[in-house]
Amino acid sequence: MNSTFFASIAATGFVVAFLHAALPTHWLPFVLVGRAQKWSTGRTLGVTLLAGLGHVGLTILLGLALVVAGLALQPSLGHVFHWIVGGLMVAVGIFYVVRGRHNHALPEASRRTYGSDRAAIAALVTLLTLSPCEAFLPYYLAGMEHGWQAFLLLSLVLMVATASGMLIFTSLSLAGFKRLGLQWVERYEETILGAALILVGLAVAFFKT
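Residues numbered from 1 in each chain as written. Predicted model: local features only at pLDDT ≥ 70, side-chain atom pairs only at ≥ 80, totals over all residues. Heavy atoms only, no water.

Engineer: So what exactly am I meant to see when it comes to the overall build of the protein here?
Structural biologist: Counting its regular elements, the protein contains nine helices and zero strands. The secondary structure elements of the protein, listed N-terminal to C-terminal, are α-α-α-α-α-α-α-α-α. For the protein, with 209 residues in total, the buried portion stands at 46%. Within the protein, counting contacts between residues at least 6 apart in sequence, those at least 24 apart form 88% of the total. Of the roughly 10,400 Å² that the protein leaves accessible, carbon and sulfur atoms contribute 69%. (Helix = DSSP H or I, 4+ residues; strand = E, 2+ residues; numbered from the N terminus. Buried < 20%, exposed > 50% of the residue type's maximum accessible area, 1.4 Å probe, protein only. Contact = heavy atoms within 4.5 Å. Areas by Shrake-Rupley, 256 points an atom, 1.4 Å probe, with all protein chains shown as cover.)

So this is what it looks like as structure tokens:
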């Protein structure tokens, strides 16, 4: 892959990570618990950012393991490796498109009213940290040929996109989604995320140079 192609992967990776962060499970629990605990907007956003860092941290560790495994397998897989990466991205994309056609309620745990602030924060951070951004993991494989500098750049893209997405949608929810007329974002975000993954996966599979 050339540098231009990698830049397109990084850019679409940002979009995918941002849309993943826009999923209700990444911001609505913070709004609900923040209101139940009577937190200020600043405190709610601070807890959201803390949980986002844990979420990104585990995703980066999984990405590292994936790249190490990919480097070990690449010599034996040779010219079919990019088909595997592209196919993985398409498969994840199809999963999100299919899931986007169904409305899922938030887990009941996210609706609970927690007793103390410390328990509430611990629960929220743990909940999100243990749910890594699986949609972004194939991007680490797609950028693997550009070395560890690409890994670091993609990790930065993941961190910025996730943090900005979670903070923006938490802030918008606190301000009132209905007043801002943004309900359509919540309704179609998984479908858009899935379509982006499918398109990039096809590009990686068919246009690798």
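Engineer: Can you walk me through the packing of helix H2 (residues 28–36) against helix H5 (residues 117–129) in this structure?
Structural biologist: Between two packed helices, what matters for the description is the angle formed by their axes and the separation of those axes. Packing of H2 against H5 leaves a shortest axis separation of 11 Å and a crossing angle of 175°. Classified by the angle their axes make, H2 and H5 are roughly antiparallel. Of H5, the residues touching H2 (which contributes Pro-29, Phe-30 and Val-33) are Ala-120, Leu-124 and Leu-128. For the contact of H2 with H5, the residue count by class is six nonpolar, no polar and no charged. (Axes fitted to C-alpha atoms, helices over the stretch in contact; angles between N-to-C directions. Parallel < 35°, antiparallel > 145°, perpendicular 65-115°, else oblique. Nonpolar A, V, L, I, M, F, W, Y, C, P; charged D, E, K, R; others polar.)

Engineer: When you look at the pattern of salt bridges in this model, what are you seeing that I'm missing?
Structural biologist: Under the counting rule described, the total for this entry stands at one salt bridge. We note a salt bridge from Asp-117 to Arg-43, for which the minimum N-O separation is 3.5 Å. Residue Asp-117 is located in helix H5, and its partner Arg-43 is located in helix H3 (residues 41–77); the two are separated by 74 residues in the primary sequence. Given the relative accessible area of 37%, Arg-43 is considered partly exposed. (Salt bridge = Lys/Arg side-chain N within 4 Å of Asp/Glu carboxyl O.)

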